[in-house]
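# Understanding the architecture of this molecule
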Amino acid sequence: MLIRKNISLDDKYLKKLQPLLDANNGNLSAAVRDTIEVADTALLCHKSIDEAIRFLKETPAKEELNETIQNGENIVINKTMLEWLFRCTRGRLTDEDLVNELINPFEIQDMKQLEDYLNRVSRSYQWVIRTSIKCEDINNPESALVLISNSTVHSRDFFAQLVAHFLSRWKQLDVEHVFRRSNSTQISFKRNTSISSNEIMPGIRKNFGYLDILCKELDDNTEFWTQLMYTYSAERFNLVTLHRSQFEVFATGEVPNPTKILERLCKQLISEMTLPDLLVHFRKMYLATQLVKNIEISLEPGNESVTIFHDFKDERVIRNLVKYFSNIFRENGTPFETFSYSSMIVFRFFQGREPDSSDLCLIESMKDPD
């Protein structure tokens, strides 16, 4: 029985029917009947139209992936093993060759194309990662916000590192901040023209390559560093690290000046540092040397101070230690006074005002603090 009904179709749906209209010589009724047959067949195998559409969209990508597996370009890897690899290589930077292999720069002209490309790559490799990019200028952005969602935090970090490398090399964008959530990672980028495009941007090294220098050094000098770490562990870190020239001066009974070493590590003259920056660098360096047990700093404006905890017993050693550290703070030019106790040395600074005492470096008799 033939039943006639009126239907309304937008132009976009008529365009989608065009292949079926061509196959039926322009007969719309025949094209609609074919569409119903396709939908009926799809629903026999899938629970809903959306599921059927998703399956049909993913099938070409799966077939393409199968072809790359057959020709040796890709391999199948256990998901748990891959996650372990991502987790254990976290903090190490990816080689540029690998970045260019996964993100082909010759296929991308602007940020919108990059977003589409990343999502297409994710689908083709059967990853569940979704990328969204926001910026004002898609061609030459001054800043950008990249949201990477789904998958695990380690997988997202690896993917984010690839994106960061690409934007650094081709758009001169550096990582400004990384915000990690349970199901998404948000990375803010900002243009940085002070660094060559061939160099690693400081934001990338800080957020994604913080172990890179360490791991490369371990790889290059494995025997030395393995023995050193074993020795430190066996001695419960009761060892002190000093520059050879510093040790030589200490061995003669004199007090060396450590300012040049600190300046080389900070890549800045101590006299040009602000007091808070100097105190932060001081704490990092001398906690690493194990010369003292602990260092606490106060950065309250006008009341900056450094409290150094140690376990030395000889009064001469403690006096020399006070002189040693005083050389650094004297180079900065900020007036200070020093108090020495049996297990603690305190430096108090007078930024913008003079201390009450004319003697800026006071060595009190050995006693416990009140």
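Residues numbered from 1 in each chain as written. Predicted model: local features only at pLDDT ≥ 70, side-chain atom pairs only at ≥ 80, totals over all residues. Heavy atoms only, no water.

### Remarks on the overall build of the protein chain
- Of regular secondary structure, the protein chain possesses 14 helices and eight strands.
- Among the 370 residues that make up the protein chain, the fraction classed as buried is 34%.
- A separation threshold of at least 6 residues defines the contact pool for the protein chain, and within that pool the share at least 24 residues apart is 54%.
- Accessible surface for the protein chain amounts to roughly 24200 Å². Of this, 52% is attributable to carbon and sulfur atoms. (Helix = DSSP H or I, 4+ residues; strand = E, 2+ residues; numbered from the N terminus. Buried < 20%, exposed > 50% of the residue type's maximum accessible area, 1.4 Å probe, protein only. Contact = heavy atoms within 4.5 Å. Areas by Shrake-Rupley, 256 points an atom, 1.4 Å probe, with all protein chains shown as cover.)

### Topic: the sheet that holds strand β6 (residues 305-309)
- One open sheet accounts for four strands, arranged β5-β6-β8-β7; its pairing is antiparallel. Looking along the sheet, the strands with just one partner apiece sit at the ends: β5 (294-298) and β7 (336-340). Sheet twist, expressed as the mean angle between neighbouring strand axes with direction ignored, is 10 degrees.
- Of the pairings in the sheet, the one linking β7 to strand β8 (residues 344-349) comprises five bridges and is antiparallel in character. Each residue of the ladder has a partner; that of Phe 336, found in β8, is Phe 349.
- In this fold helix α13 (residues 275-288) packs onto β5, β6 and β8, with an angle of close to 170 degrees to the strand it touches most, β5.
- Where helix α14 (residues 315-332) meets the sheet, it contacts β6, β7 and β8, and its direction lies at approximately 25 degrees from that of β8. (Pairing = 2+ DSSP bridges. Axes fitted to C-alpha atoms, helices over the stretch in contact; angles between N-to-C directions.)

### Observations concerning a negative patch on the surface
- Residues Glu 73, Asp 95, Asp 97 and Glu 101 make up a contiguous surface patch of negative charge.
- For Asp 95, the position within the fold is in the loop between α4 (79-88) and α5 (96-102). (Patch = residues over 30% accessible without salt bridge, like charges linked within 9 Å, V, L, I, M, F, W, Y side chains within 5 Å. Salt bridge = Lys/Arg side-chain N within 4 Å of Asp/Glu carboxyl O. Lys, Arg positive; Asp, Glu negative; His and termini not counted. Charge placed at Lys NZ, Arg CZ, Asp CG, Glu CD.)

### With respect to the sheet that holds strand β4 (residues 184-191)
- Pairing within the open sheet is antiparallel, and its four strands lie in the order β1-β2-β4-β3. Looking at which strands have only one partner, the edges of the open sheet turn out to be β1 (130-134) and β3 (173-180). Taking the axes of each pair of neighbouring strands and ignoring which way they run, one obtains an average angle of 20 degrees across the sheet.
- In terms of strand pairing, β3 meets β4 through seven bridges, oriented antiparallel. The partner of His 177 across the bridge, within β4, is Ser 188.
- Helix α6 (residues 111-124) rests against β1, β2 (143-149) and β3 of the sheet, and its axis sits at about 175 degrees to β1.
- Docked against the sheet, helix α7 (residues 153-171) engages β1, β2, β3 and β4, running at close to 15 degrees with respect to β4.

### Section: the packing of α6 against α7
- Between α6 and α7, the shortest axis-to-axis distance is 13 Å and the interhelical angle comes to 155 degrees. Taken together, α6 and α7 sit at an angle that is classed as roughly antiparallel. α7 is crossed by α6, and the crossing has right-handed handedness. For the pair α6 and α7, the contacting residues are Met 111, Leu 114 and Leu 118 in the first and Phe 159, Val 163, Phe 166, Leu 167 and Lys 171 in the second.
- Among the residues making up the contact of α6 with α7, the classes are represented as seven nonpolar, no polar and one charged. (Parallel < 35°, antiparallel > 145°, perpendicular 65-115°, else oblique. Left-handed = near helix turned anticlockwise from the far one by under 90°. Nonpolar A, V, L, I, M, F, W, Y, C, P; charged D, E, K, R; others polar.)

### Quick look at the packing of aromatic side chains
- What the rule picks out here adds up to 18 aromatic pairs.
- Here the aromatic rings of Phe 282 and Phe 325 are separated by 5.2 Å at their centres, their planes lie at 80 degrees, and the arrangement is edge-to-face. Placement of the pair is Phe 282 in helix α13 and Phe 325 in helix α14, with a sequence separation of 43 residues.
- Judged by centre distance (6.3 Å) and plane angle (70 degrees), the rings of Phe 329 and Phe 336 are edge-to-face.
- Classification of Phe 329 as buried rests on a relative accessible area of 0%.
- A residue is classified by how much of its surface remains accessible, and Phe 336, at 3% relative accessible area, is buried.
- Members of the aromatic cluster, each reached through a chain of ring pairs, are Phe 250, Phe 282, Tyr 286, Tyr 324, Phe 325, Phe 329, Phe 336, Phe 347 and Phe 349. (Phe/Tyr/Trp six-rings, centres within 6.5 Å; stacked < 30°, edge-to-face > 60°.)

### Quick look at the pattern of salt bridges
- Taken as a whole and judged by the stated rule, the model has 14 salt bridges.
- With its nearest N and O atoms 3.0 Å apart, the salt bridge here joins Asp 314 to Arg 316.
- Salt bridges sharing partners connect three or more residues here, namely Arg 90, Asp 157 and Arg 180.

### Comments concerning the side chain of Ser 149
- Mapping Ser 149 onto the fold places it in strand β2.
- With near-sequence residues (within four places) excluded, Ser 149 lies in contact with Val 128, Ile 129, Arg 130, Arg 156, Asn 183 and Ser 184.

### Some points on the pairing of β2
- Pairing between β1 and β2: five bridges, direction antiparallel. Among the inter-strand pairings, Lys 134 is bridged to a residue of β2, identified as Leu 145.

### Overview of the side chain of Glu 115
- In this fold, Glu 115 is placed in helix α6.
- In this structure the side chain of Glu 115 is engaged in a polar contact, spanning 3.3 Å, whose partner is the side chain of Lys 112.
- Here the side chain of Glu 115 touches Ile 133 through a polar contact of 2.7 Å, landing on its backbone nitrogen.
- Each residue touching Glu 115, except ones within four places of it in the same chain, is listed here: Thr 131, Ser 132 and Ile 133. (Polar contact = N/O pair within 3.5 Å; in protein donor to acceptor, adjacent residues only side chain to side chain.)

That is the geometry; function is a separate question.
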